[in-house]
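Remarks on the overall topology
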Amino acid sequence: MTRFRMKLTLTILGLISLVLLLMGVYFAKVLENSYLQSLHELLYRESRLLAQVVRFPEVFSHQGNLANQVEQIAPTEEVRVTVINNDGSVLYDSYSTARGMENHLDRPEFRMALLGETGMSRRFSETLGEDMMYVAVPVQQDGKTIGAVRSAMSMRDITDTIHNMWYSLLTGLLVTLVIGSIVVSRISFSIIRPIEEITRVARNITQRQFESRVRIKAKDEIGQLAGAINFMASSLEQQMYEISENQQRLSGVLNNMTSGVIFITEHRRIMLVNPAVEKLLGTPGHDVVGKLHIEAGKSFGLSQYIDRCLDKKEKFRQEVHIYYPQERILDVNFAPYINFKGESKGVVVVLHDITEIRRLEKMRSDFVANVSHELRTPITSIKGFTETLLDGAMQDEETCRNFLQIISDESERLYRMIRDILDLSKIEQRRIPLQKEQVHVQDVITSAVAIVNDTAQRKNLTITLPGTKPDIWLMTDRDCLQQIILNLLANAVAYTPENGSVTILTEVTHQQLRLQVIDTGIGIPESDLSRIFERFYRVDKARSRDSGGTGLGLAIVKHLVDNLNGQIFVDSVEGRGTTFTILLPGVEKFTERLQ
């Protein structure tokens, strides 16, 4: 803007200088013409008067009389008077002797006078050595021109006057330029400053500094422009704030959605993805944005449906399987994006991960099948032996007793299974209220071992208890803790061969109880470790049924540990044994009971 101010200042000063110069030239010319006209009139009148006086023969032809007459009429030395005969010879000259002067026949003013007209000429005088103005009038006798009277005056005064005028003009012009520079600079500053301010605010607006305002209070057109700029800045600030708020809301929604969202343009390129898509596709968002959906999605089926939505511009829903980065089942909604002109400009794809839902549905189906299978075995046994008894086996007392014992055992097994199913259902739904109290961990372990001790002795198993000191007190539900320990011990005893061992360890770390049940049993294959906490899942189904287990013990343990805000881990080597580790919070003290 400084360059514009300089241009404006120089332009105004140039215009002022040009106007002053033209006016000076004009007035100088007018003044010069006025001086010359006045001088011409003066010389003409004097020459005319002298021509009337010297036209008489006794004066014109007699040099002495001629000189006397001229000196009487024109005594001043400022005007040079020359009387010239018609042959060009000088009869009289007031500045020089007539005999010594050259013939004037070739002088233009004289030649004009010989023609009966007034002659006028400006030229440099060789005699006087300066510029002169000459005016010659004819001298006539009886209608005939016998000579001419020429009056001449030096141009020195006029030239000096004109030079002084030019000097004054240039001085005035210089002073005017100095004063004009100051005034124009102030004027240009007052004009440019609002423009600079408006430019500054406009530049700030382009840099998203919408709070900038033009500080101008003028009422003229520039003030109106400043007001319009301020109104525009305020409107843009409000609009950008609303846009920013909407973008933040949209970003918040997209970033916190568990469902994936993809926007594909009409050119089949990915324009937007949210973090959920990054997890589903296993690729960072910045790596897929801008790419074709078929190369970024890595799923031919998904890409086919996207192309179908782009081509047919219809909304539909489809279940899609993807296999990268891992196998997933997605419930995908496809919808065309229509702009305000009604034109289709892309596709919005919403992906819901229903892998877990399908897994739970399969688990529920498996659970129903397993329950049916587990219930069918004891019911079949009870029905078969009952029919046998009814068919006449009751007559044989020994057989009848054996059959009734089997019916009783199968009924007990059926009862335990139904009880465990109901207990597991209550635990899952958290319908069993927790009665937290200070529980002595060693006492709970001892009571649980006492329950399985007979079974362990029949298999000649060695059960090693943790040390009685220090005492460990845990703020928890006593029944839940005892059920956890009892189920783990029953599981260890059931799957440990004869002459094996079961070890229980306790440790307190960071206000947590670390409880381990270690056996030397058959172990669990690595492929089955992830499924052992599922309902009715058995590694060795024949051994499980022989042991009287229902297949729900570890599932109950897992849910009870979760209800107590704990964690359970399993580590096993097939053929060498298994270790269950439980971490439970709530250790109150492990030296002596709190009072």
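The structure under discussion appears in the preceding block.
Just so it is clear, the structure is predicted and the values come from calculations on it, not from any experiment.

Section: the overall build of the protein
- Across its full length, the protein holds 16 helices and 18 strands.
- For a compact globule of 595 residues, the expected C-alpha radius of gyration is about 25 Å, and the protein comes in at 64 Å, more than 25% above that figure.
- Along the three orthogonal principal directions, the C-alpha set of the protein runs to about 205 × 65 × 45 Å.
- Counting every position in the protein, which comprises 595 residues, the buried fraction comes to 37%.
- Accessible area of the protein: about 34,900 Å², with a carbon and sulfur share of 54%.

What about unusual backbone geometry?
- For Arg268, which is not glycine, the phi torsion reads 65° and is therefore positive.
- When you line up the elements, Arg268 lands in the loop between strand 6 (260–265) and strand 7 (270–273).
- Despite not being glycine, Asn499 has its phi angle at roughly 65°, a positive value.
- Residue placement: Asn499 occurs in the loop between helix 14 (478–494) and strand 14 (501–509).

Observations regarding helix 14
- For helix 14, built from 17 residues, the straight-helix expectation of 24 Å at 1.5 Å per residue is met to within 8% by its first-to-last C-alpha distance of 24 Å.
- Taken as a whole, helix 14 has its buried residues at Cys480, Leu481, Ile484, Ile485, Leu486, Asn487, Leu488, Leu489, Ala492, Val493 and Ala494.
- Where helix 14 begins, the capping side chain belongs to Asp477, and its oxygen is found 3.1 Å from the backbone nitrogen of Asp479.

Considering the packing of helix 13 (residues 441–458) against helix 14
- At a minimum axis separation of 9 Å, helix 13 and helix 14 run at an interaxial angle of 30°. The interaxial crossing formed by helix 13 with helix 14 has right-handed handedness. In this structure, helix 13 contributes Asp443, Val444, Ile445, Ser447, Ala448, Val449, Ile451, Val452, Thr455 and Ala456 to the contact, and helix 14 contributes Arg478, Leu481, Gln482, Ile485, Leu486, Leu489, Ala490 and Val493.
- The residue inventory of the contact of helix 13 with helix 14, partitioned by class, reads 13 nonpolar, 3 polar and 2 charged.

Section: the nonpolar core
- Membership of the largest hydrophobic core comes to 41 residues, with the highest contact counts inside it found for Ile484, Ile485, Leu488, Leu489 and Ile582.
- Going through the elements one at a time, helix 13, helix 14, strand 14, strand 15 (512–519), helix 16 (553–563) and strand 17 (577–585) are the ones with two or more residues in this core.
- By residue number, the principal contributor to this core is helix 14, which donates 9 residues.
- Setting aside residues no more than four positions away along its own chain, Leu488 makes contact with Val517, Leu554, Val557, Phe580 and Ile582.
- In this structure, Phe60, Ala74, Tyr92 and Met165 belong to the second largest nonpolar core, which totals 28 residues.

A short note on the packing of aromatic side chains
- Per the counting criterion, the structure on display carries 5 aromatic pairs.
- When the ring of Tyr305 is compared with that of Phe334, the centres are 5.9 Å apart and the planes differ by 45°; the resulting orientation is tilted. Of this pair, Tyr305 sits in helix 10 (residues 300–312) while Phe334 sits in strand 9 (residues 328–338), and the two are 29 residues apart along the sequence.
- Here Phe334 falls in the buried class, since its relative accessible area comes to 0%.
- Centroid distance Phe316 to Phe334: 4.9 Å. Interplanar angle 25°. Geometry classified as stacked.

Some remarks on the pattern of salt bridges
- Throughout the structure, instances matching the rule amount to 16 salt bridges.
- Residue Arg123 is joined to Glu109 by a salt bridge in which the shortest nitrogen-to-oxygen separation is 2.7 Å. Here Glu109 lies in helix 4 (residues 108–114) and Arg123 lies in strand 3 (residues 119–125), a separation of 14 residues in the sequence.
- Take Arg123: its relative accessible area is 22%, and that puts it in the partly exposed class.
- For Glu109, a relative accessible area of 0% translates into the label buried.
- One salt bridge in this structure joins Arg328 and Asp353, with 2.7 Å as the shortest N-O distance.

Description of the environment of Leu404
- Among the secondary structure elements, Leu404 is positioned in helix 12 (residues 397–428).
- A sequence separation of 22 residues divides Leu404 from Ile382, and the C-alpha atoms of the two residues are 9.0 Å apart.

Here's the deal with the sheet that holds strand 12 (residues 462–464)
- Strand order across the open sheet formed by 5 strands is 12-14-15-17-16, with mixed pairing between neighbours. Strands with a single pairing partner mark the edges of an open sheet, and in this sheet they are strand 12 and strand 16 (567–573). Across the sheet, the axes of successive neighbouring strands diverge by a mean angle of 10°, strand direction being ignored.
- Of the strand pairs in this sheet, strand 12 and strand 14 are connected by 3 bridges, and their pairing is parallel.

A short note on the sheet that holds strand 8 (residues 316–322)
- Pairing in this open sheet of 5 strands is antiparallel, and the strands run 7-6-10-9-8 from one edge to the other. Two strands close off the open sheet at either side, each with one partner strand: strand 7 and strand 8. Along the sheet, successive strands turn relative to each other by an average axial angle of 25°, direction set aside.
- Here strand 8 runs beside strand 9; their pairing, made up of 7 bridges, is antiparallel. Residue Glu319 lies in a different strand from strand 9, and its bridge partner there is Asp331.

Cut-offs used in this document
- Residues numbered from 1 in each chain as written.
- Predicted model: local features only at pLDDT ≥ 70, side-chain atom pairs only at ≥ 80, totals over all residues.
- Heavy atoms only, no water.
- Helix = DSSP H or I, 4+ residues; strand = E, 2+ residues; numbered from the N terminus.
- Rg over C-alpha atoms; globule rule 2.2 N^0.38 Å.
- Buried < 20%, exposed > 50% of the residue type's maximum accessible area, 1.4 Å probe, protein only.
- Areas by Shrake-Rupley, 256 points an atom, 1.4 Å probe, with all protein chains shown as cover.
- Expected span 1.5 Å × (residues − 1).
- Polar contact = N/O pair within 3.5 Å; in protein donor to acceptor, adjacent residues only side chain to side chain.
- Axes fitted to C-alpha atoms, helices over the stretch in contact; angles between N-to-C directions.
- Left-handed = near helix turned anticlockwise from the far one by under 90°.
- Contact = heavy atoms within 4.5 Å.
- Nonpolar A, V, L, I, M, F, W, Y, C, P; charged D, E, K, R; others polar.
- Core = buried A, V, L, I, M, F, W, Y, C linked by side-chain atoms within 4.5 Å.
- Phe/Tyr/Trp six-rings, centres within 6.5 Å; stacked < 30°, edge-to-face > 60°.
- Salt bridge = Lys/Arg side-chain N within 4 Å of Asp/Glu carboxyl O.
- Pairing = 2+ DSSP bridges.

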